[in-house]
Amino acid sequence: MADATALTFAALCLPFLGAVVAPFLVRMLGARAAWLLALLPLLAFAHFLGQLPAVAIGPVQGGYDWAPSLGLRFSWLLDGLSVTFALLITGIGALIVLYAGGYLAGHADQGRFFSFIFLFMGAMLGLVLSDNFLMLFVFWELTSIASFLLIGFDHRRAAARRAALQALVVTGGGGLALLAGLLLASSATGAAELSQLLQSGDVLRDNPYYLPVLLLVLGGAFTKSAQFPFHVWLPNAMEAPTPVSAYLHSATMVKAGVYLLMRLNPAMGGTVAWEVLLPLFGGVTLVVGALLAIAQTDLKLQLAYTTVSSLGLLVMMVGFGTPHAVEAAVVYLVAHSLFKGALFMVAGIIDHETGTRDVTRLGGLRHAVPATFAAALVAAISMGGLPPAFGFLAKEQIYDALAAASPWAVVATSTAVLGNALMFAIAFAVGLKPFWGKTKETPKHPHEAPISLLAGPAVLAVLGILAALFSGHVHQWLSSPMASAVSGSAVEVGISLAPHIGLPLLLSLLTIALGAVFYWQLDRLRAVMAACLNWLGTGPDRGFDHAIAGLIRLSAAVTRVLQPGRLEVYITCTFLCVAAILLLPLWIYGELPALPVWPARFQTHEAGIFLLAVAGLLAVVVARDRLTAIVSLGIQGLSVAILFLLFGAPDLAFTQLMVETLSVVILALVMTRLRLSPRDRRSFAQMLFDGSIAIACGCGFALLLMKATERPLDMALSDFFNTYSKAIAHGANVVNVIIVDFRGTDTLGEIAVVAMTGLAILALIRVRAHTERKLAENDPNAPEDLGVERP
């Protein structure tokens, strides 16, 4: 077990190692470095492949204690769900590294690109393996940061910068919602790890906080997996280089939200809210994404919008709640990763070799790039749901899961048929249309891509066929363990290429027929969609710009109110908050202290000290200039020092006396060097307001201290210091030991504050002196007391 834990940790660290060494290898080897760098995810892939037998039996957990006193562990969970995702991330990741080596060959920043792609790979791998809540959140947000860097890789273009910022804002904001949801779930169930939460499903579902937890979690999942209306960031992310689109936005990152929903299904699924919200948002996203894909002519945008559509289909199936819905979701997830990754890389090859991705300017490429055409056609067959591809099995399983007599099932089935038919048309618009028909003139003369570019789409396309032909083995090692993890109980997936006579087959044939019609009328449908979009006007994408602009205006308005640049406003707000914090809790919770009893014996000298303090207070209030007020203020500190002395605290009294004396001297020195108005020019109303705040703060502190003294004195802390001051700090003076040793860092901070204050005062004095010297040098009639030597 220890060896497996160490190997899993090493596999998790391999992508981060790649992020560190990639720039150096690229500098030494150029584009050929991709072949060496691809070995890192390939090694991780081999490790997770070796975990399949163990995972088929049951989940495997491991990790290291991070902060045991806080219950934090760097822990991971290996089961059918996490291992399948890990295989997709590392396997497709290795192909993407090779692809990027050929696609960006000669690019000046190729080393930086590889660092970013490996950083993302490690973050995504950590996300799907995480068991601890905090570990999951850290990797979740790291994927957003890495995606921001990759989308904005070509940072000289404004469109790339905007797309990167949009992705970061949307997914990062969803990540904060997810954090709140995880913390609330932990508070409701006492679980700090996903494996614990999965065992507390009934506790969470019966908890009154279930709905807020669900909404917060859905906020994180929907933003990351581009569900309507948060879908806009994903198509805009196509501003990134094609390797990024093929990896982040088809096979990995965009499925992070789907992964989270699948992971939490045993703990949060099975409720009315779950089975309504997920199919509703998923179904709308499925149709909206497919319709928007029809309106595009850019190959990458067509694929991006169908990715949005596929994610909606996955979310709908996860939440649908029928026995085979989870099985359909896991089969389709694997099929989608294979065919969509292949088609994105094909789109990149077409762009790389012809200089354009506009489908209306492409045609007849099958003669120039036959191998690319073969890979594209096979991937399109899988995306269209035709045999003998794995996508056909996924589509059959989807219709089998949706087949029911209820109105809800009829609506969901109709939505799935329409969405799949539209995706069928787009699949062949990307995988067939650019290669068939008459040869068209392109900006560059096309020729077959090098092996580094071809390897990715060819391998993924072939795997889509092999997975269907050997579906029994695929289900045994991948689909069934994954479906079992998502369902929370043992599930056997049995779908195969054998004909399934019945409603699913009829729905599949209907999908193919509608898809063929849509493909035939694609240009006309594109024109209709363009007209509809023009009629609808501003959409969520433009709404994002309006929201950001509004946020900036709101921030500016709030800043003008809260940060007007006047010290008087800041001090007033600070003391208003202090008064509210002190008084409101005492009043709201009925904790006001009892009225004080006049002491039976009141010493004359004690009365004299109180009278002295009152006299000093009156002197401060009636003082006509600030210097007099400062000197009078010292009377208060002196009175407090004498009280400390009388009550048996000579050390504290000495400290108070020294601090008060130095404060008065320094403030008096500063006041004599600064030109300040000798009189207080505040109106009576302003003075009354300020005085009320001061009285409220004073009463608040007094009442709080009185309430504290009503309770029995707890000597535990005093006993601790008395016991350990000599034994640990080797000091007999307990007060000094507390200040210097037990509160050493606090004391250091106080000294730093005093030092900075002194430096600030010195700077003010020197600025004034410098200003006066300049004035005197320019004014021969300046008074002699400025100390200026005249020329």
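The structure we're discussing is the one just above.
Residues numbered from 1 in each chain as written. Predicted model: local features only at pLDDT ≥ 70, side-chain atom pairs only at ≥ 80, totals over all residues. Heavy atoms only, no water.

## Structural notes on the overall build of the protein
Step number 1: On a plain count of helices and strands, the protein comes out with 33 helices and two strands.
Step number 2: In summary, the protein has a C-alpha radius of gyration of 35 Å against a globular reference of 28 Å for 791 residues, an excess of more than 25%.
Step number 3: Projected onto the principal axes, the alpha-carbon positions of the protein cover approximately 105 × 70 × 55 Å.
Step number 4: Here the protein holds 791 residues, and 47% of them are scored as buried.
Step number 5: The contacts of the protein with a sequence gap of at least 6 include a subset with a gap of at least 24, amounting to 78%.
Step number 6: Accessible area for the protein stands at about 37900 Å²; split by element, carbon and sulfur atoms hold 70% of it.
Step number 7: With 45 positive and 45 negative side-chain charges, the protein shows a spacing of 10 Å between the two charge centroids. (Helix = DSSP H or I, 4+ residues; strand = E, 2+ residues; numbered from the N terminus. Rg over C-alpha atoms; globule rule 2.2 N^0.38 Å. Buried < 20%, exposed > 50% of the residue type's maximum accessible area, 1.4 Å probe, protein only. Contact = heavy atoms within 4.5 Å. Areas by Shrake-Rupley, 256 points an atom, 1.4 Å probe, with all protein chains shown as cover. Lys, Arg positive; Asp, Glu negative; His and termini not counted. Charge placed at Lys NZ, Arg CZ, Asp CG, Glu CD.)

## Regarding helix H23 (residues 503-520)
Step number 1: Given a rise of 1.5 Å per residue, 18 residues ought to cover 26 Å, and the 26 Å separating the end C-alpha atoms of H23 matches this to within 8%.
Step number 2: Every buried residue of H23 is listed here: Pro504, Leu507, Ser508, Thr511, Gly515 and Phe518. The buried residues of H23 occupy an angular sector of 100 degrees when projected down its axis, which confines them to one face. Exposed residues lying more than 90 degrees from the buried face of H23 are Leu506 and Trp520.
Step number 3: Elements that come into contact with the buried residues of H23 comprise helix H19 (390-402), helix H20 (407-431) and helix H24 (522-536). (Expected span 1.5 Å × (residues − 1). Arc of directions from axis to C-beta.)

## Focus on the packing of aromatic side chains
We describe a pair of aromatic rings using the distance from one ring centre to the other and the angle between the two ring planes.
Step number 1: All told, the structure shown has 17 aromatic pairs when counted by the stated rule.
Step number 2: Ring centres 6.3 Å apart and planes at 25 degrees place the aromatic pair Phe9 and Trp76 in the stacked group. One end of the pair, Phe9, is in helix H1 (residues 2-29); the other, Trp76, is in strand E2 (residues 72-78), and 67 residues separate them in sequence.
Step number 3: Judged by its relative accessible area of 31%, Phe9 is partly exposed.
Step number 4: Using a relative accessible area of 3% as the deciding quantity, one classes Trp76 as buried.
Step number 5: Summarising the aromatic geometry, the rings of Phe113 and Phe114 are spaced 6.2 Å apart at their centres and angled 65 degrees between planes, so their arrangement reads as edge-to-face.
Step number 6: The positively charged end of Arg366 is found above the aromatic ring belonging to Trp436, 4.3 Å away from the centroid. (Phe/Tyr/Trp six-rings, centres within 6.5 Å; stacked < 30°, edge-to-face > 60°. Lys NZ or Arg CZ within 6 Å of the ring centre and 35° of its normal.)

## Examining empty space enclosed by the protein
Step number 1: Applying the stated criterion across every chain, the model contains three cavities of 30 Å³ or more.
Step number 2: Taken as a whole, the largest cavity holds about 90 Å³ of empty space.
Step number 3: What lines the largest cavity is simply Tyr332, Phe339, Ser382, Met383, Gly384, Gly385, Gly391, Lys395, Asn420 and Met423.
Step number 4: Going through the elements one at a time, helix H17 (325-354), helix H18 (370-383), H19 and H20 are the ones with two or more residues in the lining of the largest cavity.
Step number 5: Its residues assigned to classes, the lining of the largest cavity comprises four nonpolar, five polar and one charged. (1 Å grid on protein atoms, 1.4 Å probe; cavity = no way out; pocket = protein on both sides within 12 Å on 5 of 7 lines; lining within 4 Å. Points joined across faces, edges and corners; volume = space filled by probe spheres on them. Nonpolar A, V, L, I, M, F, W, Y, C, P; charged D, E, K, R; others polar.)

## Observations regarding the pattern of salt bridges
Step number 1: With the rule as written, the count across this model stands at 13 salt bridges.
Step number 2: The partner of Glu239 in a salt bridge is Arg157, with the nearest N and O atoms 2.8 Å apart. In this pair, Glu239 sits in the loop between helix H12 (233-236) and helix H13 (242-248) while Arg157 sits in the loop between helix H7 (133-151) and helix H8 (158-189), placing the two residues 82 residues apart along the sequence.
Step number 3: Take Glu239: its relative accessible area is 31%, and that puts it in the partly exposed class.
Step number 4: The class of Arg157 is partly exposed, set by a relative accessible area of 31%. (Salt bridge = Lys/Arg side-chain N within 4 Å of Asp/Glu carboxyl O.)

## Digging into unusual backbone geometry
Step number 1: Following Phe228, the chain continues to Pro229 via a peptide bond in cis, the omega torsion being 5 degrees.
Step number 2: Tracing the chain through its elements places Pro229 in the loop between helix H11 (210-224) and H12.
Step number 3: At Ala226, a position not held by glycine, the phi torsion is positive, near 55 degrees.
Step number 4: Among the secondary structure elements, Ala226 is positioned in the loop between H11 and H12.

## Some remarks on the environment of Pro370
Step number 1: Within the secondary structure, Pro370 sits in helix H18.
Step number 2: Residue class for Pro370 comes out partly exposed when judged on its relative accessible area of 45%.
Step number 3: With 77 residues separating them along the chain, Pro370 and His447 place their C-alpha atoms 9.3 Å apart.

## Quick word on the environment of Val170
Step number 1: Turning to its location among the elements, Val170 is positioned in helix H8.
Step number 2: Sequence separation between Val170 and Ala226 is 56 residues, and the spatial gap between their C-alpha atoms is 9.2 Å.
Step number 3: Excluding residues within four positions of it along the chain, Val170 makes contact with Thr223, Phe230, Trp233 and Phe544.

## With respect to a nonpolar patch on the surface
Step number 1: A cluster of nonpolar side chains, contributed by Val20, Phe24, Met28, Leu29, Leu36, Leu39 and Leu42, occupies part of the molecular surface with about 670 Å² of accessible area.
Step number 2: A per-element tally of the nonpolar patch places H1 first, with four residues.
Step number 3: Relative to the helices and strands, Leu29 resides in helix H1. (Patch = residues over 30% accessible without salt bridge, like charges linked within 9 Å, V, L, I, M, F, W, Y side chains within 5 Å.)

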